[in-house]
Amino acid sequence: MATSLPNTLGALRASEYTPARLARSVKDELRDNLIAKLRAKGTSDEPLFPGIVGYEDTVVPQIVNAVLSKHNFILLGLRGQAKSRILRALTTLLDPNCPYVAGSELRDNPYTPLSKFSRDLIAKMGDDTPIAWLTPDDRYVEKLATPDVTVADLVGDIDPIKAARSNQDLGSELTMHYGLLPRANRGIFAINEIPDLAGKIQVALFNIMQEGDVQIKGYPVRLKLDVAIVFSANPEDYTARGKIVTPLKDRIGSEIRTHYPESIDDAISITSQEAWSKRPSSNIEIPHYIRQIVEQIAFSAREDKKVDKRSGVSQRLPISTMELVISNAERRAFLHGETLVVPRVGDIYTALPGISGKIELEYEGEMRGADTVIREIIRASVATVFDQYFKETNTQQIEQWFNLGGTVQLNDAQPSAGSLAELQQIQGLFDKLSPLKVNSKSKPETAVSAAEFLLEGMYAHKRLSRTEERAFTAGEKKQRNNEAANYAEKLRERESERDEYTKNRTRRGFN
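Residues numbered from 1 in each chain as written. Predicted model: local features only at pLDDT ≥ 70, side-chain atom pairs only at ≥ 80, totals over all residues. Heavy atoms only, no water.

Chemist: Help me understand the overall build of the protein, please; the structure alone is not making it clear to me.
Modeler: Helix and strand counts for the protein come out as 22 helices and 16 strands. The burial tally for the protein puts 48% of its 511 residues in the buried class. Accessible surface for the protein amounts to roughly 25,400 Å². Of this, 49% is attributable to carbon and sulfur atoms. (Helix = DSSP H or I, 4+ residues; strand = E, 2+ residues; numbered from the N terminus. Buried < 20%, exposed > 50% of the residue type's maximum accessible area, 1.4 Å probe, protein only. Areas by Shrake-Rupley, 256 points an atom, 1.4 Å probe, with all protein chains shown as cover.)

This is the structure:
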């Protein structure tokens, strides 16, 4: 708490925090501060909601309209669409400091206290009543809805022990144990996954949202709470566990739909922001094509018929995948004493544990197996990103080298310098890496990563073959042709041997 802020009621009266200023409701406060931000938007690049990416033209305008309309609103969207992050970002629209009567459970406005505790304290101490201060984060209360939540949890209950210790009647306000909602007075109250809340508990929210007051345990104690209530939920067609009762939906001012990132660039920005990629004791360089492939995995999974679209593919998938990719690259660098950590496409395949838990498969996918489906998605993602860089690149010279019997193995068992020496045997390989701005003078870690991406892309397009041990060989078509030629040669040899045998036998017969 800043020392310049008033700490008594008398000092508060003499400050800028006048009764008129503190008489504003939370929704008016949110609206006024939002208007100030919107007016300053022309001269400032600061986003309205820091940390929210990809919603600038879709979700954010709808939230702005809801706040300007002083609505309670709900965010509907699949998992991993930043719903909770958006609700928490609403605190940026609250005043930096908010005074209340010190010790008050309801965070009472010093000029118009709600609770009997504050009224009695002010009557007793007058201008010497102690004042405490709330920060914006203090004024945000969040509750995850679960089926076992009770009315007492949200609203409050009578506390018999409190009554016995203070010699008060059970009907006295001083015996009340306030729930989360009254304790969120003069702030924002968020309920996540609202359909999971039992129907009778949702009904208990009606009066609060419509009339702005609560009653506790049937006693005629009316608390005119000042609360902005916001909700989040999965779409009802996916949330089979429960539903939002119709009267509650009717009292929610705005229903705002969230979505996954609509472009790879937005997705990369989110993952760069959220993933733990800047690590102590490691010099990490993440090639842009690696970032693109990791994000493309999520985009491809959302379109794959073997993945359950109703469940969705969370943005946490590329975040977890990127962290595992970096960790595997770190492990390789530590093993070989390398100072530069550069992830490769092969590292993405080691991140299966971070992907398998983030997707739910349809029946067809379950029959094929999660690992098989994920590997197919990774392969398709590599092919998509490969085409962005090498669609016009002629790779026949590289294919010919493999068709003549060349093989190369890229794994974590050898250092980057050793892998680079192997790759340099492939004629024309490094000449084709110019779209990645990589050449023979690049660092070994960077050059090997780029070369492996090119080979993986050729494998994804079935121009090359690759074993599980990451040994690249001639393409499947060439191998089949060779096998067919070998088979034909064997047939000719057998035919020749049979003819020779028949000839010799005939001669023996004439003798």
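Now that the structure is up, let's keep going.
Chemist: What exactly am I supposed to notice about helix H18 (residues 370-390) here?
Modeler: One turn of an α-helix holds 3.6 residues; hence residues three or four places apart share an orientation. End to end, H18 covers 30 Å across 21 residues, agreeing with the expected 30 Å (1.5 Å per residue, within 8%). Of the positions making up H18, those classed as buried are Val373, Ile374, Ile377, Ile378, Arg379, Ser381, Val382, Ala383, Val385, Phe386 and Phe390. Its buried side turned inward, H18 meets helix H13 (288-303), helix H15 (345-349), helix H16 (352-356), helix H17 (363-368) and helix H21 (444-460). (Expected span 1.5 Å × (residues − 1). Contact = heavy atoms within 4.5 Å.)

Chemist: What am I meant to see in the sheet that holds strand S1 (residues 73-76) here?
Modeler: Sheets are built from strands paired through backbone hydrogen bonds, the pairs being either parallel or antiparallel. Taking strand neighbours across the sheet as the criterion, the 5 strands line up as S4-S7-S10-S1-S11 in an open arrangement whose pairing is parallel. Pairing within the sheet leaves two strands with one partner each, and these edge strands are strand S4 (140-144) and strand S11 (254-257). Going across the sheet, the axis of each strand differs from the next one's by a mean of 20°, ignoring polarity. Of the strand pairs in this sheet, strand S7 (residues 187-192) and strand S10 (residues 227-233) are connected by 5 bridges, and their pairing is parallel. Looking across to S10, one finds that Gly187 is bridged to Val227. (Pairing = 2+ DSSP bridges. Axes fitted to C-alpha atoms, helices over the stretch in contact; angles between N-to-C directions.)

Chemist: So what exactly am I meant to see when it comes to unusual backbone geometry here?
Modeler: The bulk of non-glycine residues show a negative phi, and the bulk of peptide bonds are trans. Positive phi is not limited to glycine here, since Arg107 has a value of about 50°. If you trace the backbone, Arg107 turns up in the loop between strand S2 (98-101) and helix H6 (116-125). Judged by relative accessible area, Arg107 falls into the buried class, the value being 8%. Positive phi, close to 60°, is recorded for Lys437, a residue that is not glycine.

Chemist: I'm lost on the side chain of Arg186 in this one. Help?
Modeler: The topology assignment puts Arg186 in the loop between helix H9 (180-183) and S7. The side chain of Arg186 is buried and forms no salt bridge, while Asp226, the nearest opposite charge, is found at 5.6 Å. In terms of polar contacts, Arg186 uses its side chain to reach the backbone carbonyl oxygen of Pro99, at 2.7 Å. If we skip the residues at most four places from it in the chain, Arg186 touches Leu22, Val26, Cys98, Pro99, Tyr100, Arg107, Asp108, Asn109, Pro110, Arg139 and Asp226. (Lys, Arg positive; Asp, Glu negative; His and termini not counted. Salt bridge = Lys/Arg side-chain N within 4 Å of Asp/Glu carboxyl O. Polar contact = N/O pair within 3.5 Å; in protein donor to acceptor, adjacent residues only side chain to side chain.)

Chemist: I tried to follow the pairing of S7 on my own but got confused; where do I start?
Modeler: Within a regular strand, side chains alternate between the sheet's two faces. With 6 of 6 residues buried, S7 lies mostly within the body of the structure. In this sheet, S7 lies alongside S4 in parallel orientation, the contact comprising 5 bridges. Residue Glu142 lies in a different strand from S7, and its bridge partner there is Ala190.

Chemist: Mind showing me how you'd approach the nonpolar core here?
Modeler: One finds Phe402, Leu423, Phe453 and Leu455 to be the most contacted residues of the largest nonpolar core, which totals 63 residues. Considering every element that reaches this core, the biggest residue donor is H21, with 10 residues. Once residues within four sequence positions are removed from consideration, Phe453 is found in contact with Tyr289, Ile293, Val345, Val382, Val385, Phe386, Tyr389, Phe390 and Leu436. One finds Ala145, Ile191, Ile201 and Leu205 within the second-largest nonpolar core, a separate group that totals 30 residues. (Core = buried A, V, L, I, M, F, W, Y, C linked by side-chain atoms within 4.5 Å.)

Chemist: I'm lost on the pairing of S2 in this one. Help?
Modeler: Burial along S2 is two-sided: Cys98 and Tyr100 facing one way and Pro99 and Val101 facing the other are all buried. Both S2 and strand S3 (residues 131-134) contribute to a ladder of 4 bridges, which runs antiparallel. What sits directly across from Cys98, in S3, is Leu134.

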